[in-house]
Amino acid sequence: MSAVPVQNFLYLAAVLFTLGMFGVMVRRNALVVFMCVELMLNAANLTFLAFARQRGDDTGHLSAFFVIAVAAAEAAVGLAIVIAVFRSRGTVNVEEIRTMKH
Amino acid sequence: MTELVLFWIFAAAIVVSSALVIVSRDALHSAMSLVAAFFFLAGEYVLLWAHTIAVLQVLVYAGAIMVLFLFVIMLLSLTETALGGGRMSFGRAVGGAASAALLVLLVVAIARMQVPAVTLDAARQATFGTLAHVGEVLYTRWLLPFEAVSLLLLVAIVGAVVVAKARI
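These figures come from a predicted structure and were not determined experimentally.

A look at the overall build of chain B
- Within chain B, the secondary structure is distributed over seven helices and zero strands.
- In sequence order, chain B lays out its α and β elements as α-α-α-α-α-α-α.
- Whereas a compact globule of 168 residues would reach a radius of gyration of roughly 15 Å, chain B reaches 21 Å, over 25% beyond that.
- Overall size of chain B, expressed as C-alpha extent along the three principal axes, is 60 × 45 × 25 Å.
- For chain B, with 168 residues in total, the buried portion stands at 23%.

This is how it looks when you write it as structure tokens:
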């Protein structure tokens, strides 16, 4: 049906998701960690769309739409939290923000 | 054939730009690489015939969300020196190894997967992923989730203002 096999898209999504996960695990700048979460969300979207194409049913496109909407809400609230933390602590290093770790 | 060539061009660009997001020392460079990755992902979405989502990807992700990120980065004017050096800790090494293991697991699972080919009739193929068809399904069968998302966005706006404002 498609010139590009659906597995290609799934491999790409797997690479993208693990790159995002690697960033979340390794980076300490809270903003970069957020960006890596966005990468992981996009990998999930790519998988939704690949399976929608393979099954010939575009309901998966609606799932991707809702993921984008929730990602927008998450970015707004998350970045507000980053600003609030920076204002009270003067840092966005996730290893120095450990007040709730007890 | 053209589609396959385009797929590999976009895939290589996506992997390179998302790697740059992770390795850049400057958060601003990370954000710009992420914008590039989102644009190339929109290209992949077009190859999957998801035209509506490709447009939304550019408008909402590469546009609105990344502008928000750039705004916050410039507002806080962060430098990497303020975040300390690239010290290697046990937890970070474990995290890196876990993501590498997950990649191997996913690749093996996809390689073993059986994908039956589904053929579309011509009428279905003409509407697949178009703005008209996706919009029609969204506003009929998925109206309630759609309205719930609007409520979620409203709550997020109010929450963002309450959290980020110094004194209310």
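Here we look at the overall build of chain A
- Scanning chain A from N- to C-terminus turns up three helices and zero strands.
- Mapped in sequence order, the helices and strands of chain A form the string α-α-α.
- Over its C-alpha atoms chain A spans a radius of gyration of 17 Å, topping by over 25% the 13 Å that the globule rule assigns to 102 residues.
- Along the longest, intermediate and shortest principal axes, the C-alpha atoms of chain A span 55 × 25 × 20 Å.
- Looking at chain A as a whole, 54% of its 102 residues qualify as buried.
- Of the contacts made within chain A by residues no fewer than 6 positions apart, 46% connect residues no fewer than 24 positions apart.

Thoughts on unusual backbone geometry
- With a phi angle near 65°, B:Trp49 is a residue other than glycine that sits in the positive phi range.
- Classification of B:Trp49 as buried rests on a count of 21 C-beta atoms within 10 Å.

A closer look at the nonpolar core
- A:Ala13, A:Leu16, A:Leu31, A:Met35, A:Leu46 and A:Leu49 are the most contacted members of the largest nonpolar core, which totals 68 residues.
- Among the secondary structure elements, those contributing two or more residues to this core are α1 (6-26), α2 (30-55) and α3 (59-89) of chain A together with α1 (2-23), α2 (27-47), α3 (51-76) and α7 (143-164) of chain B.
- Setting aside its immediate chain neighbours within four residues, A:Leu31 contacts A:Val82, A:Val92, B:Ala27, B:Phe69, B:Val72 and B:Ile73.

Overview of the packing of α3(A) against helix α6 (residues 131-140) of chain B
- Remark: α3(A) packs on α6(B), axes separated minimally by 10 Å, with the N-to-C direction vectors making an angle of 75°. Here α3(A) lies roughly perpendicular to α6(B), going by the angle between them. Every residue of α6(B) that contacts α3(A) at A:Thr59, A:His61 and A:Leu62 is listed here: B:Val134, B:Val137 and B:Leu138.
- Residues of the contact of α3(A) with α6(B), tallied by class, amount to four nonpolar, two polar and no charged.

Considerations on the confidence of the model for chain B
- When pLDDT is averaged across chain B, the result is 87; 92% of the residues are at 70 or more.
- For this predicted complex, the interface confidence score (ipTM) comes to 0.90, while the overall pTM stands at 0.90.

Considerations on the environment of B:Ala12
- For B:Ala12, the location among the structural elements is in helix α1.
- Separated by 11 residues in sequence, B:Ala12 and B:Val23 have C-alpha atoms that sit 17 Å apart.

Some remarks on the packing of α2(B) against α3(B)
Residues and elements named next belong to chain B.
- Close contact between α2 and α3 brings their axes to 8 Å; oriented N to C, the two are set at 175°. With respect to each other, α2 and α3 are oriented roughly antiparallel. The segment α2 lies against α3, with Ala-27, Leu-28, Ala-31, Leu-34, Val-35, Phe-38, Phe-39, Leu-41, Ala-42, Tyr-45 and Val-46 engaging His-51, Ile-53, Ala-54, Gln-57, Val-58, Tyr-61, Ala-62, Met-66, Phe-69, Leu-70 and Ile-73.
- For the contact of α2 with α3, the class distribution of residues is 20 nonpolar, two polar and no charged.

Focus: the interface of chain A and chain B
- Contact residues are listed per partner, giving 63 residues for chain A and 71 residues for chain B.
- Listed by contribution, the elements that provide at least two residues to the side of chain A that touches chain B are α1, α2 and α3 of chain A.
- The leading source of residues in the side of chain A that touches chain B is α3(A), at 23 residues.

Quick notes on α1(B)
- A rise of 1.5 Å per residue sets the reference length of α1(B), with its 22 residues, at 32 Å; its end C-alpha atoms lie 32 Å apart and thus fit the reference within 8%.
- When α1(B) is considered as a whole, its buried residues turn out to be B:Phe7, B:Phe10, B:Ala11, B:Ile14, B:Ser17, B:Ser18 and B:Val21. Looking down the long axis of α1(B), one finds its buried residues gathered within 150° of arc, a one-sided arrangement. Facing away from the buried side of α1(B) by more than 90 degrees, the exposed set consists of B:Val5, B:Ile9, B:Ala12 and B:Val23.
- Buried-residue contacts for α1(B) involve α1 and α2 of chain A together with α2 of chain B.

Overview of the environment of A:Ile81
- Within the fold, A:Ile81 resides in helix α3.
- Residue A:Ile81 is classed as partly exposed on the basis of its C-beta count, with 15 C-beta atoms lying within 10 Å.

Analysis parameters
Residues numbered from 1 in each chain as written. Chains lettered and ligands numbered in written order. Predicted model: local features only at pLDDT ≥ 70, side-chain atom pairs only at ≥ 80, totals over all residues. Helix = DSSP H or I, 4+ residues; strand = E, 2+ residues; numbered from the N terminus. Rg over C-alpha atoms; globule rule 2.2 N^0.38 Å. Buried ≥ 20, exposed ≤ 12 C-beta atoms within 10 Å, placed from the backbone. Contact = placed C-beta atoms within 7 Å. Core = buried A, V, L, I, M, F, W, Y, C linked by C-beta atoms within 7 Å. Axes fitted to C-alpha atoms, helices over the stretch in contact; angles between N-to-C directions. Parallel < 35°, antiparallel > 145°, perpendicular 65-115°, else oblique. Nonpolar A, V, L, I, M, F, W, Y, C, P; charged D, E, K, R; others polar. pLDDT = per-residue confidence, 0-100. Expected span 1.5 Å × (residues − 1). Arc of directions from axis to C-beta.

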